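# Structural overview
Take a look at the letters that make up each chain.
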Amino acid sequence: MTDPRRLVIGMDSSTQSVKAVAWDRAGNPVAEGRAPHTLSQPSALEAEQDAREWWQAACAALRAVTAEVDPGRIDGIAISNQRETMVLLDRAGEPLAPATLWLDTRAQATTSVLAAELGADLLHGTSGKPVDVCACVYRLRWMRDHRPDHLDRAATITGVQGYLTLKLTGTATDTWTSADPFGTFDIRAKRWARPILDHLGIAEAQVPPVARPGTRIGAVTEAAAAATGLRAGTPVMAAGGDGHCAGLGVGAIRPGVVYLNLGTAVVGGMWSPAPEIGRYWRTLISPTGEGYLLESCQRGGAFFVNWFIDTFAGGRDDPEVFRRLEARAAALPVGSEGATACTYILGCMDPHWDGEATASFSGLNPGHTAAHLFRASLEAITLEFARALVAMRGSGLDPREVLVIGGGATNRMWLRMLADATGLPIVRSLSNEASALGAGMSAAVAAGWYPGFGAAVDGMTRTAGRVEPDPAAGPAWEALSRRQAAAYAALRQARAAAPG
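So, a few notes on the structure that sits alongside this text. (Residues numbered from 1 in each chain as written. Predicted model: local features only at pLDDT ≥ 70, side-chain atom pairs only at ≥ 80, totals over all residues. Heavy atoms only, no water.)

### Focus: the overall build of the protein
For the protein, the helix and strand inventory stands at 17 helices and 23 strands. By principal-axis analysis of the C-alpha atoms, the protein measures approximately 65 × 55 × 45 Å. Buried residues in the protein amount to 60% of all 500 residues. Of the contacts formed within the protein by residues at least 6 apart in sequence, a portion of 71% connects residues at least 24 apart. Carbon and sulfur atoms form 52% of the exposed surface of the protein, whose accessible area is close to 18,500 Å². In the protein, the 46 positive side-chain charges and the 50 negative ones have mean positions that sit 2 Å from each other. (Helix = DSSP H or I, 4+ residues; strand = E, 2+ residues; numbered from the N terminus. Buried < 20%, exposed > 50% of the residue type's maximum accessible area, 1.4 Å probe, protein only. Contact = heavy atoms within 4.5 Å. Areas by Shrake-Rupley, 256 points an atom, 1.4 Å probe, with all protein chains shown as cover. Lys, Arg positive; Asp, Glu negative; His and termini not counted. Charge placed at Lys NZ, Arg CZ, Asp CG, Glu CD.)

Shown next as structure tokens:
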């Protein structure tokens, strides 16, 4: 039996900050630290960060943890990282240029170029990712045209995981699930996809080694110990992408369990024994390394709702704005009395994979209010997820319950909408730091606390409430889904008919 005083650290390096949480064997947070880093947007198409800030924020977060607990109690640390984010390092391990983020769309025009060169089916079938600007592979192709000196000078091409493991251990190491989202990784063979890298002119030596989740990949160096407060020699374990870790953190590693993150981007998915390929999801390697995740992603998600409130409903500076809108929207019937939203304000990932897609409200009349538009926005996001689940059922999967996390998980009206639209129970995860918990579970498995990930899920995850679906509401949601899905088709037709 593991000493109950022993701890592991799950560190979540996300888009806006680093969160480090020390977890005990039961999945209780014992200490935590947080530190921000800066997002820079030099143009409307570019989203960048200084990778050195990832390390500075990680050090600050870890020092906060080690100030609260004895570093000698820590059996290991694992990292959950923001995905589709890339940095090129020189031989000294220093960034050659700012890191480019998943929000970066400078390579939008290059997506079709690479798809034509290699074939969309090869790219999708190898990486599990439909052609979409989010994946790093298209920025690499863009760099081959526009920054070839950076590509050729790069000693290491990696992401947040590789950079932070370099700083912690002295060696850049990626994991199956941190390399997976790059679009240059073979999800079946679980290795870098040589045909894709060869086409880009990237040598084997330029990409890091990759490790299976839940294994040891190194140890904290003396220099890293001095910077973080960790003990030198503390094991560093393999975890991976933040979405992968979030799925693990709510236990979505078994048949029938679906996870849904109601955050800035709304991301949901479920475990599959086989790498099913489809347009309603991205196919990812499971956070355990066994099987796969079929993951739907709405890039706008709650970003669209926040944009609507800031632009048209008085702004989020008013602490009561959400309460007022939710109270009024909850009194409206399914369908928002004809008001219909299309929430593709940042383009569309699944199922259309259309970077040029736009957002809209339609069906409006003088009786509609901000509450109608607020509800219509949540209905649109809800139904996009529900349609992805229908497609997953068509591939032979059997979703039985949805575990929700993220800021939207506190919205009772939204949880009711999700239950009724999907016909599934909606269960809240007790921990809203699912990515950090998933990383901590990976460290716990690697440290030998549990014999495998299934036992870690049983031991470290708990829930905090359940919403059962109302079967009588199903027909109204099905009718609304047909109407709401038609909004994109109409916008696309109008776009195609527009001159120029």
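Here the narrative resumes.
### Description of the sheet that holds strand E15 (residues 257-262)
One open sheet holds the seven strands; their spatial order is E17-E18-E16-E15-E21-E22-E23, and the pairing between them is mixed. Each edge of the open sheet is held by one strand with a lone partner, namely strand E17 (282-285) and strand E23 (463-467). With direction set aside, neighbouring strand axes in the sheet form an average angle of 25 degrees. Pairing geometry for E15 and strand E21 (residues 401-405), over five bridges, is parallel. For leucine 260, the partnering residue across the bridge sits in E21 and is valine 404. (Pairing = 2+ DSSP bridges. Axes fitted to C-alpha atoms, helices over the stretch in contact; angles between N-to-C directions.)

### Examining the packing of aromatic side chains
For the structure on display, the rule yields nine aromatic pairs. Considering the side-chain rings of tryptophan 54 and tyrosine 163, the 5.9 Å spacing of their centres and the 80 degrees angle between planes classify their relative orientation as edge-to-face. Of the two residues, tryptophan 54 is situated in helix H1 (residues 51-68) and tyrosine 163 in helix H6 (residues 160-169); the sequence distance between them amounts to 109 residues. In this structure, tryptophan 54 and tyrosine 163 share a single accessibility class: buried. Members of the aromatic cluster, each reached through a chain of ring pairs, are Phe304, Trp307, Phe308, Phe312 and Phe361. One Lys or Arg, arginine 25, reaches over the ring of tyrosine 450 and ends 4.3 Å from the middle of that ring. (Phe/Tyr/Trp six-rings, centres within 6.5 Å; stacked < 30°, edge-to-face > 60°. Lys NZ or Arg CZ within 6 Å of the ring centre and 35° of its normal.)

### Examining the sheet that holds strand E14 (residues 235-241)
On the basis of which strands lie adjacent, the open sheet formed by six strands has the order E3-E2-E1-E5-E14-E13 and mixed pairing. Since the sheet does not close on itself, it has two edges, and those belong to strand E3 (29-36) and strand E13 (216-219), each with one partner. Here the strands of the sheet are splayed against their neighbours by 25 degrees on average, with no regard to which way each runs. Note that strand E2 (residues 17-23) and E3 share seven bridges and pair antiparallel. The partner of alanine 22 across the bridge, within E3, is alanine 31. Here H1 sits on the sheet and contacts strand E1 (7-13), E2, E3 and strand E5 (74-81); the angle it forms with E3, its principal contact strand, is near 150 degrees. On the sheet, helix H15 (residues 434-446) packs against E1, E2, E5, E13 and E14 and is oriented at approximately 140 degrees with respect to E1.

### Comments concerning unusual backbone geometry
Residues apart from glycine generally show negative phi values, whereas peptide bonds are mostly found in trans. Note the cis peptide between aspartate 350 and proline 351, where omega equals 0 degrees. Even without a glycine there, the phi angle at serine 336 is positive, about 50 degrees. When you line up the elements, serine 336 lands in the loop between helix H12 (321-330) and strand E19 (340-343). Here serine 336 falls in the buried class, since its relative accessible area comes to 0%.

### Overview of the packing of helix H13 (residues 370-394) against helix H14 (residues 412-422)
As a packed pair, H13 and H14 sit with axes 9 Å apart at the nearest point and diverge in direction by 35 degrees. You can see that H13 and H14 cross each other, and the crossing is right-handed. Every residue of H14 that contacts H13 at Phe374, Arg375, Leu378, Glu379, Ile381, Thr382, Leu383, Phe385, Ala386, Leu389 and Arg393 is listed here: Met413, Trp414, Met417, Leu418, Ala421 and Thr422. When grouped by side-chain class, the residues that make up the contact of H13 with H14 number 12 nonpolar, two polar and three charged. (Left-handed = near helix turned anticlockwise from the far one by under 90°. Nonpolar A, V, L, I, M, F, W, Y, C, P; charged D, E, K, R; others polar.)

### Considering the side chain of glutamate 379
Note that glutamate 379 resides in helix H13. When sequence neighbours within four positions are dropped, the list of residues in contact with glutamate 379 reads Pro333, Val334, Gly335, Ser336, Met417, Trp477 and Leu480.

### Looking at the pairing of E14
By the criterion of burial, E14 is predominantly enclosed, with seven of the seven residues buried. By the bridge criterion, four bridges tie E5 to E14 in an arrangement that is parallel. Of the residues in E14, the one forming a bridge with serine 80 is glycine 240. In this structure, E13 lies alongside E14, joined through three bridges in antiparallel fashion.

### Overview of the packing of H15 against helix H16 (residues 453-460)
With their axes 10 Å apart at the nearest point, H15 and H16 run at an angle of 125 degrees to one another. For the element pair H15 / H16, the angle class is oblique. By crossing handedness, the relation of H15 to H16 is classed as right-handed. Taking contact as the criterion, the partners of Leu437, Met441, Ser442, Ala444 and Val445 in H15 are, on H16, Phe453, Ala456, Val457 and Met460. Along the lines of polarity and charge, the residues of the contact of H15 with H16 split into eight nonpolar, one polar and no charged. (Parallel < 35°, antiparallel > 145°, perpendicular 65-115°, else oblique.)

Honestly, that's just the spatial picture; any functional story needs more than this.
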